[in-house]
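# Examining the three-dimensional arrangement
Chain residues, written in single-letter form:
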Amino acid sequence: MKIAVLGTGGGARAHTAKLRELGREVYVGTRDVQATLARTSPDMMGNAPYPQFLAEHPGITLLSFGEAAAAADGVVINGIDGHNAVAALTAIADQLAGKTVIDYAVPFVYLHESEHPWPTPWGVMPKLEPCDTDSLGEQIQRALPDVKVVKSFVTQEQTTVVDPGSVGGGEHTMFVAGDHADAKQQATDLLKAYGWSDILDLGPLVCARGMEMYAHMHSAIGFGLGQQFGGHFGIKVVR
């Protein structure tokens, strides 16, 4: 299976490395291949320069967003930041047509002004936009009607998504939502390959609103556990 991962940040790297471990052909998309390969210092989140990651994970092909999407034979994982995702994906609509896009981006807006800011260990908590009456997942689907969008992976750190057994022996819940049953099955199959056993289908893509809004609760739980950045924990739906 040929899978594209769009993005070179920490979350995208987690998926890229795991997919290679599982024997998949992985095509990583970036905005500017030469600029990505020229980096010699860590990114804003402290991730090592991408050439170092490539050296440590042989067999990965780095391409532009469009080239990577075109190389995939069915599934594309969107790791582009929420603020830029719709524009970046719309620009490669032809290469994405007919494929499943699994979106885990959160529509965070950083550096915003708030009358009642939420202070965090790393600054002011970003706000969600859209929120309540729309979601990033739905925006992507409307912008790309020939693509099957599935919202998933978004309620966990991506390092936990690709290794659920690292928390509680894997006894926690992952969610999927989308308007296409076959696409949700592709996402579910990938999650099972990652090691997930408790996967809850929330229904149509409108449920992406709940998953995206959970991002703030995820941060709050992490702070409560003393985990300032990200969060190494899971949530379990007890039936």
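Residues numbered from 1 in each chain as written. Predicted model: local features only at pLDDT ≥ 70, side-chain atom pairs only at ≥ 80, totals over all residues. Heavy atoms only, no water.

## Remarks on a nonpolar patch on the surface
A cluster of nonpolar side chains, Tyr 110, Leu 111, Trp 122 and Phe 229, forms an exposed patch at the surface whose accessible area comes to about 560 Å². Inspection of the secondary structure puts Tyr 110 in the loop between strand 6 (108–109) and strand 7 (119–120). (Patch = residues over 30% accessible without salt bridge, like charges linked within 9 Å, V, L, I, M, F, W, Y side chains within 5 Å. Areas by Shrake-Rupley, 256 points an atom, 1.4 Å probe, with all protein chains shown as cover. Salt bridge = Lys/Arg side-chain N within 4 Å of Asp/Glu carboxyl O. Helix = DSSP H or I, 4+ residues; strand = E, 2+ residues; numbered from the N terminus.)

## Observations concerning the environment of Val 106
Topologically, Val 106 is positioned in the loop between strand 5 (100–103) and strand 6. Val 106 gets classed as buried once you look at its relative accessible area, which sits at 19%. Residues Val 106 and Gly 137, 31 residues apart in the sequence, show an inter-C-alpha distance of 9.0 Å. (Buried < 20%, exposed > 50% of the residue type's maximum accessible area, 1.4 Å probe, protein only.)

## Examining unusual backbone geometry
Between Glu 129 and the following residue, Pro 130, the backbone shows a cis peptide bond with an omega angle of 15 degrees. Summarising the element assignment, Pro 130 is placed in the loop between strand 9 (127–128) and helix 7 (136–143). Although it is not a glycine, Leu 111 sits at a positive phi angle of roughly 55 degrees. Counting through the fold element by element, Leu 111 comes out in the loop between strand 6 and strand 7. For Leu 111, a relative accessible area of 88% translates into the label exposed.

## Points about the side chain of Arg 24
Mapped onto the elements of the fold, Arg 24 is located in the loop between helix 1 (10–21) and strand 2 (25–30). Lacking a salt bridge, the buried Arg 24 has Asp 73 as its closest oppositely charged neighbour, with an N-O distance of 8.4 Å. A distance of 3.3 Å separates a polar side-chain atom of Arg 24 from the backbone oxygen of Leu 22. With sequence-adjacent residues up to four places away left out, Arg 24 is seen in contact with Met 1, Ile 3, Leu 19 and Ala 193. (Lys, Arg positive; Asp, Glu negative; His and termini not counted. Polar contact = N/O pair within 3.5 Å; in protein donor to acceptor, adjacent residues only side chain to side chain. Contact = heavy atoms within 4.5 Å.)

## As for the environment of Ile 140
As for its placement among the helices and strands, Ile 140 is situated in helix 7. Ile 140 sits in the buried class, given a relative accessible area of 1%. In sequence terms Ile 140 and Asp 103 are 37 residues apart; their C-alpha atoms lie 8.8 Å from each other. Beyond its immediate sequence surroundings of up to four residues, Ile 140 is in contact with Asn 78, Ala 85, Val 86, Leu 89, Asp 103 and Val 149.

## As for the sheet that holds strand 1 (residues 2–6)
Here we have 8 strands laid out as an open sheet, ordered 3-2-1-4-5-10-11-12, and mixed in their pairing. Since the sheet does not close on itself, it has two edges, and those belong to strand 3 (61–64) and strand 12 (199–203), each with one partner. Strand-to-strand twist in this sheet, taken as the mean axis angle between neighbours without regard to direction, amounts to 25 degrees. Here 4 bridges tie strand 5 to strand 10 (residues 148–152), and the two strands are oriented parallel to one another. Its bridge partner lying in strand 10, Ile 102 is registered against Val 150. In the packing of helix 9 (residues 181–194) onto the sheet, the strands contacted are strand 4 (75–78), strand 5, strand 10, strand 11 (174–178) and strand 12, and the crossing angle to strand 11 comes to about 160 degrees. Against the sheet, helix 10 (residues 208–224) contacts strand 5, strand 10, strand 11 and strand 12, and its axis sits at roughly 140 degrees relative to strand 11. (Pairing = 2+ DSSP bridges. Axes fitted to C-alpha atoms, helices over the stretch in contact; angles between N-to-C directions.)

## Considerations on the pairing of strand 1
Counting buried residues in strand 1 gives 4 out of 5 residues, a clear majority hidden from the surface. Once you follow strand 1 into helix 1 and on to strand 2, the crossover reads as right-handed. In the sheet, strand 1 pairs with strand 4 via 4 bridges, with the strands oriented parallel. The residue of strand 4 that forms the bridge with Leu 6 is Asn 78. (Right-handed = clockwise from strand over helix to strand, strands pointing away.)

## Here's the deal with helix 9
An ideal rise of 1.5 Å per residue puts 20 Å on 14 residues; helix 9 measures up with 20 Å between its terminal C-alpha atoms. Backbone geometry just after helix 9 places Gly 195 at a positive phi near 120 degrees. (Expected span 1.5 Å × (residues − 1).)

## Comments concerning the pattern of salt bridges
Summed over all chains, the structure comprises 12 salt bridges. With its nearest N and O atoms 2.6 Å apart, the salt bridge here joins Asp 134 to Arg 142. Residues Arg 239 and Asp 198 are paired through a salt bridge, measuring 2.8 Å at the closest nitrogen-oxygen approach. Of the two residues, Arg 239 sits in the segment after helix 10 while Asp 198 sits in the loop between helix 9 and strand 12, which places them 41 residues apart along the sequence.

## With respect to the nonpolar core
Counting 36 residues, the largest nonpolar core has Leu 19, Ile 77, Phe 153, Val 161, Leu 190, Leu 191 and Tyr 194 as its most contacted members. Secondary-structure elements contributing two or more residues to this core are strand 1, helix 1, strand 2, helix 3 (50–56), strand 4, strand 11, helix 9 and helix 10. The element best represented in this core is helix 9, accounting for 5 residues. Apart from residues lying up to four places away in sequence, Leu 191 is in contact with Ser 152, Phe 153, Val 161, Met 174, Val 176, Trp 196 and Ile 199. Membership of the second largest hydrophobic core comes to 24 residues, among which are Leu 6, Ala 69, Val 101 and Leu 144. (Core = buried A, V, L, I, M, F, W, Y, C linked by side-chain atoms within 4.5 Å.)

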